[in-house]
Amino acid sequence: MKQLKELGILGDPQAFHEAISIEGADVAFLKSALYDISLIRACEYHLRDGMYNKTITCPCHLCVGQEAIAVGISKFLQKTDRVFGAHRSHAHFLAINRDVYGLFAEVLGKVTGASKGMGGSMHLFDGDNGFKGSVPIVGATIPIATGAGLAAKMDGGDDIAVTYFGDAACEEGPFHESLNLAANMKLPVLYVCENNLASSHMHISLRQPTDTMARFAEAHTINNLVVEGNNVVEVANAAKQAIDYIRETRKPFFLEMVTYRWSGHVGPTEDSDVGVKRAATHVVWKNRDPLRRLSEALLNSGQITQLEIDEMNNSIKKIVDENWEKALAAPFPEDHALLDLVYTKN
Amino acid sequence: MQKITYADGIRMGFEYLLENHKEVFVIGQGLWSPWYVGSSMRDLDKKFGRERVIDSPVSEFAVTASALGASLCGYRPVVVHPRIDFMVFAMDPIVNQAAKWRHMFGGQTSAPVTFRAIINRGGEQGAQHSQSLHSWFAHIPGLRVVMPGTAADARDLLIASVLCDDPVMYIDDRWSYDMEDTVAKAKPVTLEDIGPLVRKEGTDITLVGAGFSYRLAREVADEYEAEGISCEVIDLRVINPLKYDTIVASVNKTKNLCVVDGGWKTCGLGGEIIAGVMEKLPVGSLASAPKRVTLTDAPAPTSAPLEKIYYTTKKEIREAINTQLQSHKETIK
């Protein structure tokens, strides 16, 4: 029987603990990536605290540990591209717009939130910046983004569609239907699989015969790369290659970003996944930290000082705190929103 | 004025849309093959090009969700499902996504996609080639559900569905395809303004139906007319959101209500119409117990004798009406 491909060292928790290599990378991008990753993480930790103290009662799927992927990809997106997320999409949203207030107000169910208080953490929207929506049905936005790609193809420009999903979404039928459709119809879609090796509560080894998702792209003749997703330089390099290819050829591309989520599947805790105790390797995996490995690289090479990092974090803390207070003070949707929004006209 | 069939009406609706609205495209299985969709799509691919009339892989879910995705990006796609049974693979994009997209994003976006689902039954096709699942979809807030009962509506409601900014389930029925009608030139109508219509006025009993069931009810009413019984016939046209005023006013006049529904009985459209009317009328308003004539609660059989007793006939409708009018007479005595 044919041997299936495997992630190899990318799937080994002992690997990639050291500072990333930034040789030849654009320093301005590295600094802005450091800012974005830090901002996303600060927001996630703030939401975590809000869940612990019950200020937040809406279910949140935090993305701590996975921030570098959206940051590296968003660098190459334009406002007219069409981006779709899933249940764990705070990073996808913030990497595009840095709209801390929109996220916080939405999680609190406020009418000033990204989805006017009608979506919560799992349904985020920012039409002006090309974030067409995130929804929590696993795999659901993969074919929707594929159709956004069909629209982009019909438009005739160079816009692309992007869909973020996890390794578990690759176990859904529509994922396979979508790859077939995109390959067959030549659709400009970027498929980004954030492979964190876990579904809500089960390790990939319990769910699939091998741990790499790019094999499905191969099966559908879609060009693909398997990337160390916690290295923002590698993410950005792969994203550039993929997005340039799609804009030019109008064909799909598949990026498998290997990562690890620090957060449990849902809620504030790290130590358990929907009631199942997390693996002993959890603390080892956390050494593959996209934030520390980037800041160390910048510090080691003298591109940034500790003082600058501290100042950046202080300014992020201020942004987070101010937006949180503002969001707490904002009003909830009025009762009539419940029925008014069902149809465009009643 | 022009005489057309129901199938012509559908095709003319598509022609109007593709000619006048460059944001409209059609996607689904069998669109390049008349075998799938009868004459209702004939030559549209030749006239408007295979870039806009797209025959697709056998992927109901991804194709339906793709159309939804394109609708979020400035297009008005129509997804054609040659059989409603096969569309069951596409429940998520219809029920979870399209129907809720506007609401869950706070009204900042909407999904103007039309799902055309064809009811295609009889001929010993059996359980998975014969269903009428309209009641399922009418249960979903955010999804407009349209069932044309006449050839003119087959055309005009298709146009209205596709030009509506909400997702619409347009359900047509192959048993209606030969129905004839005289129509004027196509022009856009607003779906939100469309509701149940009294197609035949009467005084003794109100008959309600949608799609092919309207046709059955109408034929029964025409037969009764010759026998001196006056039936008022209401064609529902849009079953979600459902507007009750016309039906309630009619029942208030005739005091008798019989609903003909091509679906199953339990939790179906027939029961819903009766409940919706009854809760709007004072107790004791009716002269006879309301009735629904539906399929029996069983999957469609293949064996010919079983199939014969499975589908609703005019005879069954007449039996129901006779019981009601008999009980009415006794009440009057």
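In this text the structure is predicted, and so the values were computed from the model without any measurement.

*Asks:* Quick question: what am I supposed to make of the overall build of chain B here?
*Replies:* When you go through chain B residue by residue, the secondary structure sums to 12 helices and 14 strands. Taking 2.2 N^0.38 as the reference for a compact globule, 333 residues should give roughly 20 Å; the C-alpha atoms of chain B span a radius of gyration of 20 Å, in line with that estimate. Pairs at least 24 apart in sequence give 81% of the contacts found in chain B among residues at least 6 apart.

*Asks:* Where do I start with the domain arrangement of chain B in this structure?
*Replies:* Residues and elements named next belong to chain B. By domain assignment, chain B separates into domain 1 (2–193) and domain 2 (197–332). When each unit is reduced to the centre of its C-alpha atoms, the spacing between domain 1 and domain 2 is 26 Å. Across the boundary between the two partners, domain 1 contributes 25 residues, which contact 24 residues of domain 2. Looking at the side of domain 1 that touches domain 2, the elements that each hand over two or more residues are α6 (134–138), β6 (144–146), α7 (151–163) and β7 (168–173).

*Asks:* When you look at the interface of chain A and chain B in this model, what are you seeing that I'm missing?
*Replies:* Often, the extent of an interface is quoted as the loss of accessible area on bringing the components together. Contacts between the two partners involve 35 residues from chain A and, on the opposite side, 32 residues from chain B. Of all the elements in the fold, those that place two or more residues in the side of chain A that touches chain B are β2 (131–134), α5 (141–155) and α6 (173–185) of chain A. Here the element with the most residues in the side of chain A that touches chain B is α5 of chain A; it accounts for 9 residues. When grouped by side-chain class, the residues that make up the side of chain A that touches chain B number 17 nonpolar, 13 polar and 5 charged.

*Asks:* What should I look at first to understand the sheet that holds strand β5 (residues 223–228) of chain A in this one?
*Replies:* Strand pairing in a sheet relies on backbone hydrogen bonds. The paired strands run either parallel or antiparallel. Residues and elements named next belong to chain A. The strand order across the open sheet built from 6 strands is β2-β1-β3-β4-β6-β5, with neighbouring strands paired in parallel fashion. Each of the sheet's edge strands pairs with one partner strand only, and the pair in question is β2 and β5. This sheet shows a mean twist of 15 degrees between the axes of neighbouring strands, independent of strand direction. Of the strand pairs in this sheet, strand β1 (residues 82–85) and strand β3 (residues 161–166) are connected by 3 bridges, and their pairing is parallel.

*Asks:* What is the right way to look at the nonpolar core in this model?
*Replies:* In summary, soluble globular proteins display a tendency toward joint burial of nonpolar side chains. Judged by nonpolar contacts, the single largest core of 199 residues is most densely connected at Leu190, Val192, Val235 and Leu255 of chain A together with Val145, Met169 and Leu207 of chain B. In this structure, this core is formed jointly by two domains, domain 1 (2–193) and domain 2 (197–332) of chain B, each of which donates at least three residues. If you look at the next biggest cluster of nonpolar residues, it comprises 5 residues, including Leu197, Ala198, Ile204 and Tyr260 of chain A.

*Asks:* Explanation requested: the packing of helix α1 (residues 27–52) of chain A against helix α10 (residues 290–300) of chain A in the structure shown.
*Replies:* Any two packed helices are characterised by how steeply their axes cross, that is the angle between the axes, and by the distance between the axes. All names here are of chain A. In the contact formed by α1 and α10, the axes pass within 10 Å of each other and the chain directions differ by 145 degrees. The hand of the α1/α10 crossing is left-handed. Where α1 approaches α10, its residues Leu30, Ala33, Leu34, Ile37, Ser38 and Arg41 are matched on the opposing element by Pro290, Leu291, Leu294, Ser295 and Leu298. In terms of residue class, the contact of α1 with α10 is made up of 8 nonpolar, 2 polar and 1 charged.

*Asks:* Please explain the sheet that holds strand β13 (residues 257–264) of chain B as it appears in this structure.
*Replies:* All names here are of chain B. If you trace the 5 strands from one edge of the open sheet to the other, you get β9-β11-β10-β13-β14, paired in mixed fashion. The sheet terminates laterally at β9 (197–200) and β14 (291–295), the two strands that pair on one side only. Ignoring which end each strand starts from, the neighbouring axes of this sheet average 25 degrees apart. Two elements, strand β10 (residues 205–209) and strand β11 (residues 231–235), share 5 bridges in a ladder whose sense is parallel. Counterpart to Val208 in the pairing with β11 is Ile234. Packing of helix α10 (residues 269–278) onto the sheet brings it into contact with β10, β13 and β14, and relative to β13 it is tilted by some 150 degrees.

*Asks:* Please explain the environment of Glu44 of chain A as it appears in this structure.
*Replies:* With respect to the element layout, Glu44 of chain A can be found in helix α1. In this structure Glu44 of chain A touches Leu62, Cys63, Val64 and His90 of chain A, once residues within four positions along its chain are discounted.

*Asks:* Please clarify how α1 of chain A should be interpreted in this entry.
*Replies:* Because the α-helix completes a turn every 3.6 residues, residues three or four places apart line up on one side. Counted at 1.5 Å a residue, the expected span for α1 of chain A with its 26 residues is 38 Å, and the 37 Å between its end C-alpha atoms agrees. Of the residues one or two after α1 of chain A, Lys54 of chain A is the one with positive phi, at around 70 degrees.

*Asks:* What is the right way to read helix α9 (residues 245–254) of chain B from this model?
*Replies:* Residues and elements named next belong to chain B. Every buried residue belonging to α9 is among Ile247, Ser250, Val251 and Thr254, and all of these are buried. Viewed along the axis of α9, the buried residues span an arc of 95 degrees, placing them on a single side of the element. At its buried positions, α9 is contacted by β9, β10, β11, β13 and α10.

*Asks:* How should I be thinking about the environment of Leu72 of chain B in this particular structure?
*Replies:* Structurally, the position occupied by Leu72 of chain B is in the loop between α4 (60–71) and β4 (76–81). Between the alpha carbons of Leu72 of chain B and Ser110 of chain B there is a distance of 6.8 Å; along the sequence they are 38 residues apart. Dropping the residues within four chain positions of it, Leu72 of chain B is found in contact with Lys132 and Ala148 of chain A together with Thr109 and Ala111 of chain B.

*Asks:* Got a minute to help me understand the environment of Tyr16 of chain B in this structure?
*Replies:* Residue and element names in this part refer to chain B. Within the element layout of this structure, Tyr16 appears in helix α1 (residues 6–20). Assessed through the 21 C-beta atoms surrounding it within 10 Å, Tyr16 is described here as buried. For the pair Tyr16 and Arg155, spaced 139 residues apart in sequence, the C-alpha separation works out to 9.0 Å.

*Asks:* Just checking my understanding: could you explain the packing of α5 of chain A against α4 of chain B for this structure?
*Replies:* Following both chains from N to C, one finds α5 of chain A and α4 of chain B inclined at 55 degrees, their axes separated by 6 Å at the closest point. Taken together, α5 of chain A and α4 of chain B sit at an angle that is classed as oblique. When the axes of α5 of chain A and α4 of chain B are compared, the crossing they make is right-handed. Of the residues in α4 of chain B, those in contact with Pro143, Ile144, Ala145, Thr146, Gly147, Ala148, Leu150 and Ala151 of chain A of α5 of chain A are Phe61, Ala62, Ala65, Ser66, Ala67, Leu68, Gly69 and Ala70 of chain B. Taken together, the residues of the contact of α5 of chain A with α4 of chain B sort by class into 12 nonpolar, 4 polar and no charged.

*Asks:* When you look at the confidence of the model for chain B in this model, what are you seeing that I'm missing?
*Replies:* A low pLDDT score tells you not to read the predicted coordinates there in detail. Summary statistics for chain B give a mean pLDDT of 96 and a share of 99% for residues scoring 70 or more. Across the interfaces of the predicted complex, the ipTM metric reaches 0.96, alongside a pTM of 0.96.

Calculation notes
Residues numbered from 1 in each chain as written. Chains lettered and ligands numbered in written order. Predicted model: local features only at pLDDT ≥ 70, side-chain atom pairs only at ≥ 80, totals over all residues. Helix = DSSP H or I, 4+ residues; strand = E, 2+ residues; numbered from the N terminus. Rg over C-alpha atoms; globule rule 2.2 N^0.38 Å. Contact = placed C-beta atoms within 7 Å. Domains from an automatic or database assignment. Nonpolar A, V, L, I, M, F, W, Y, C, P; charged D, E, K, R; others polar. Pairing = 2+ DSSP bridges. Axes fitted to C-alpha atoms, helices over the stretch in contact; angles between N-to-C directions. Core = buried A, V, L, I, M, F, W, Y, C linked by C-beta atoms within 7 Å. Buried ≥ 20, exposed ≤ 12 C-beta atoms within 10 Å, placed from the backbone. Left-handed = near helix turned anticlockwise from the far one by under 90°. Expected span 1.5 Å × (residues − 1). Arc of directions from axis to C-beta. Parallel < 35°, antiparallel > 145°, perpendicular 65-115°, else oblique. pLDDT = per-residue confidence, 0-100.

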